[in-house]
There are 2 protein chains.
Amino acid sequence: MKKYQEMNRNELLEEKASLEAEFGKIKEMGLSLDMSRGKPGADQLDLAMDMMDVLDSKSLLKSENGIDLRNYGILDGIPEAKQLIAEMVGTKPENVIVYGNSSLNIMYDQIARAEIFGICGSMPWSRLEKVKFLCPVPGYDRHFAITEAFGIEMVNIPMTEEGPDMDLVEQYVNNDPAVKGIWCVPKYSNPQGIVYSDETVRRFAALTPAAEDFRIFWDNAYAVHHLYEEETEILNILEECEKAGHPDMVFQFCSTSKVSFPGAGIAAISASAANLEDIKKRLTIQTIGHDKINQLRHVKYFKNMDGIRTHMKKQADLIRPKFELVEKVLAEEIAPRGIGSWISPKGGYFISFEALDGCAKEIVAKCKEAGVVLTGAGAPFPYKKDPKDSVIRIAPTYPSREELGEAVRVFAVVVRLVTVEKLLAE
Amino acid sequence: MKKYQEMNRNELLEEKASLEAEFGKIKEMGLSLDMSRGKPGADQLDLAMDMMDVLDSKSLLKSENGIDLRNYGILDGIPEAKQLIAEMVGTKPENVIVYGNSSLNIMYDQIARAEIFGICGSMPWSRLEKVKFLCPVPGYDRHFAITEAFGIEMVNIPMTEEGPDMDLVEQYVNNDPAVKGIWCVPKYSNPQGIVYSDETVRRFAALTPAAEDFRIFWDNAYAVHHLYEEETEILNILEECEKAGHPDMVFQFCSTSKVSFPGAGIAAISASAANLEDIKKRLTIQTIGHDKINQLRHVKYFKNMDGIRTHMKKQADLIRPKFELVEKVLAEEIAPRGIGSWISPKGGYFISFEALDGCAKEIVAKCKEAGVVLTGAGAPFPYKKDPKDSVIRIAPTYPSREELGEAVRVFAVVVRLVTVEKLLAE
């Protein structure tokens, strides 16, 4: 198979004509397919249905410390749920606050409180001339939406296969007091599936921020979301920060949204004692407490990390073939033609496709024309601006395998067509 | 029985000696009783245990519009939960957003968003020199804690038996653009159990605020919490505001915390379309959605307003005798001596006792000495400052009837003792 860049004009024109014919046929099929959403498939959710049986009207709804979980009380989570979350992200129960159903909401609250009240006694961000956040790109659109909403200036940090470009991170964090945070998805990053190397985590822990209230927003969203038998582990950021003498420098977030049920899971923050005290001082004004019965439900169902592991293996068995299907088509149709690349993820929810520069928007638009919905081009970047217009996030989990196969084949045709057009226009 | 104010010095001294002896005996009993907490008793919670059975692993977890409730999606609540909440507070489903488990959290968020982003396009409160809130007193301590945390100046508004002193409310709201809100518990107010009269509600709706972003924070916490067969109703504030040409002037809050389970209930806001749009614009950044399965669980269990009504009657049967017990002791021991008064509540969770001026703190302290915990004196006031030091909130629901009887008898002795001491010191 010839690389497109090596084709002469005539060959490209021929290829274009043939692809246009194919694209025309696809459009006639009137497809309606969706590879845009990082949502579990219904089959994954079916796996957790037994969770609906672990509590019933005969259950003793008490926590191990004797608290009646049906009543008010307990701001920071029931002890056994703290234990479960601690095991899940590899920290200690005393470093955990278990919240309600949404880790995104916890992150939003952390930023909102920093803006209004400041962190651990420092100046509220809303009173500062400028606040900046580092944003490894491509990254998670909903992170960027939060910082954008608060008028925080976002600075792109390129990702490498080891994590964010740490030279750049150090340069910003250690010198610019306006830099107050960085968004990280350290394991199976959204959308590239990159796992931060030990070196990267250690360099994070060794940061010497110019701002005393700089925090790493460590969204460990895919801590247990392995696709393969081999479970990739990352260094424990809380532990590393403590060792490096910066115990307060990190907020770690996680949830069971893609373990049990999105929207009906439990979410948590883990951080140093000083950070947790600071949070609880405000949290006690904000709410009387979270849903303790749902916390108990999760503990009764999963029991411990082994329970979570077993459950996630079943999920992996369902979604691994989907990831492999996407990669197979890309490997057959795209890679040999030299018109796109991706990193093969070992976990998480996405494949990040990198087209030739200037092609992403057009690919997404043409896919839509053909009835295949993709995440908007630019979405994985602050202000939705992909500087090279090249990244497309593919979410393989939600469609059925059949739909996914169809969708990714359409995608491949569109990538080829758009690239040919691009090359011809040059 | 002679009124204390009519006793001469010798009679007071005699009374004091006898009460001191009695108080001494009580202390020796080493009691440990609690009338401080507005929490349902375990027997009330037992009534809702069947809710734990309405969903199981065989249930179809879909909403009536076909959405899979186990997955992401739906920011503003499932349709059938909106319907249930609408019936509960007498509004329309399209005016409702169903949230997570805590109406207090919704109120906090409304204030936080007003501070950071402003309401419906108006200037964020954090950028204003001064923001004031009107606080009908006595009121709910957690309302006041929110406004205090944000540095909002709180202005006491005396309560009458018809609701807040509306002359004063009108004077402030219609003339002072710094007044941005008022905290209201319109039905069975916390702590007095006062029900706002139709006249009061209409005067609220007819306000012509100096601030365009003034909002009534209408915490309809006890909408269905009747103690007696006769259900007191209040006028529908959303409807009245709309009729008066001020549809956007009110946020109404409610929850099932004291209907199903505190902490595991569902909470909601109801407001005009313009307000809901404004809220959703921000909410979509803040969270992906709330616990839809728990929303479904509530709908399946209560079904409709009749289901809620039937359930609340059972709760009333459990707590009405507790309220009556407290009132009986007060009527026998306190009223005839002219040393305290209260309004007889027909619903809600509290009895607000008014001692002679300058006695509340001492009564609470002496009760504690005798092993009876009461809500801190001052708690029902902004900044915890009761200007007359006379109000004590009694919460009869949580202790058993036996414990409550004991506690309130101790309370009566202490009220007498403290009042005698007070009169002797004058």
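In short, a report on the structure. (Residues numbered from 1 in each chain as written. Chains lettered and ligands numbered in written order. Predicted model: local features only at pLDDT ≥ 70, side-chain atom pairs only at ≥ 80, totals over all residues. Heavy atoms only, no water.)

## What about the packing of aromatic side chains?
And step 1. The final tally for this structure, using the stated rule, is 30 aromatic pairs over all chains.
And step 2. With 5.1 Å between their ring centres and 80° between their planes, F353 of chain A and F411 of chain A make a pair best called edge-to-face. In this pair, F353 of chain A sits in strand β11 (residues 351-355) while F411 of chain A sits in helix α13 (residues 401-425), placing the two residues 58 residues apart along the sequence. Residue F353 of chain A shares its accessibility class with F411 of chain A, and that shared class is buried.
And step 3. Measuring from centroid to centroid gives 6.0 Å for W125 of chain B and F133 of chain B, while their planes differ by 65°, and the two rings are edge-to-face. (Phe/Tyr/Trp six-rings, centres within 6.5 Å; stacked < 30°, edge-to-face > 60°. Helix = DSSP H or I, 4+ residues; strand = E, 2+ residues; numbered from the N terminus. Buried < 20%, exposed > 50% of the residue type's maximum accessible area, 1.4 Å probe, protein only.)

## Points about the sheet that holds strand β11 (residues 351-355) of chain B
Residues and elements named next belong to chain B.
And step 1. The sheet built from three strands is open, its strands ordered β10-β11-β13 with antiparallel pairing. Every other strand in the sheet has two partners, leaving β10 (340-342) and β13 (391-394) as the edge strands with one partner each. The sheet shows a mean angle of 25° between the axes of neighbouring strands, taken without regard to direction.
And step 2. Bridging between β11 and β13 involves four bridges; their strand directions are antiparallel. Directly across from F353, in β13, lies its bridge partner I392.
And step 3. Contacting β10, β11 and β13, helix α11 (residues 305-333) runs over the sheet at an angle of about 15° to β11. (Pairing = 2+ DSSP bridges. Axes fitted to C-alpha atoms, helices over the stretch in contact; angles between N-to-C directions. Contact = heavy atoms within 4.5 Å.)

## Topic: a negative patch on the surface
And step 1. A contiguous patch of negative charge, built from D50 and D53 of chain A together with D50, D53 and D56 of chain B, is present on the exposed surface.
And step 2. Mapped onto the fold, D53 of chain A is located in the loop between α2 (42-46) and α3 (79-89).
And step 3. Under the relative-accessibility criterion, D53 of chain A is labelled partly exposed at 36%. (Patch = residues over 30% accessible without salt bridge, like charges linked within 9 Å, V, L, I, M, F, W, Y side chains within 5 Å. Areas by Shrake-Rupley, 256 points an atom, 1.4 Å probe, with all protein chains shown as cover. Salt bridge = Lys/Arg side-chain N within 4 Å of Asp/Glu carboxyl O. Lys, Arg positive; Asp, Glu negative; His and termini not counted. Charge placed at Lys NZ, Arg CZ, Asp CG, Glu CD.)

## Concerning the layout of surface pockets
And step 1. There is about 850 Å³ of room inside the largest pocket.
And step 2. Lining the largest pocket we find 42 residues, and of these Y140, D141 and R142 of chain A together with Y72 and I288 of chain B sit closest to its centre.
And step 3. Those elements that place two or more of their residues in the lining of the largest pocket are α4 (103-117), α5 (141-149) and β8 (250-255) of chain A together with α9 (273-286) of chain B.
And step 4. Here the lining of the largest pocket gets five residues from one element, more than from any other, and that element is α5 of chain A.
And step 5. Of the residues that constitute the lining of the largest pocket, the class distribution is 17 nonpolar, 15 polar and ten charged. (1 Å grid on protein atoms, 1.4 Å probe; cavity = no way out; pocket = protein on both sides within 12 Å on 5 of 7 lines; lining within 4 Å. Points joined across faces, edges and corners; volume = space filled by probe spheres on them. Nonpolar A, V, L, I, M, F, W, Y, C, P; charged D, E, K, R; others polar.)

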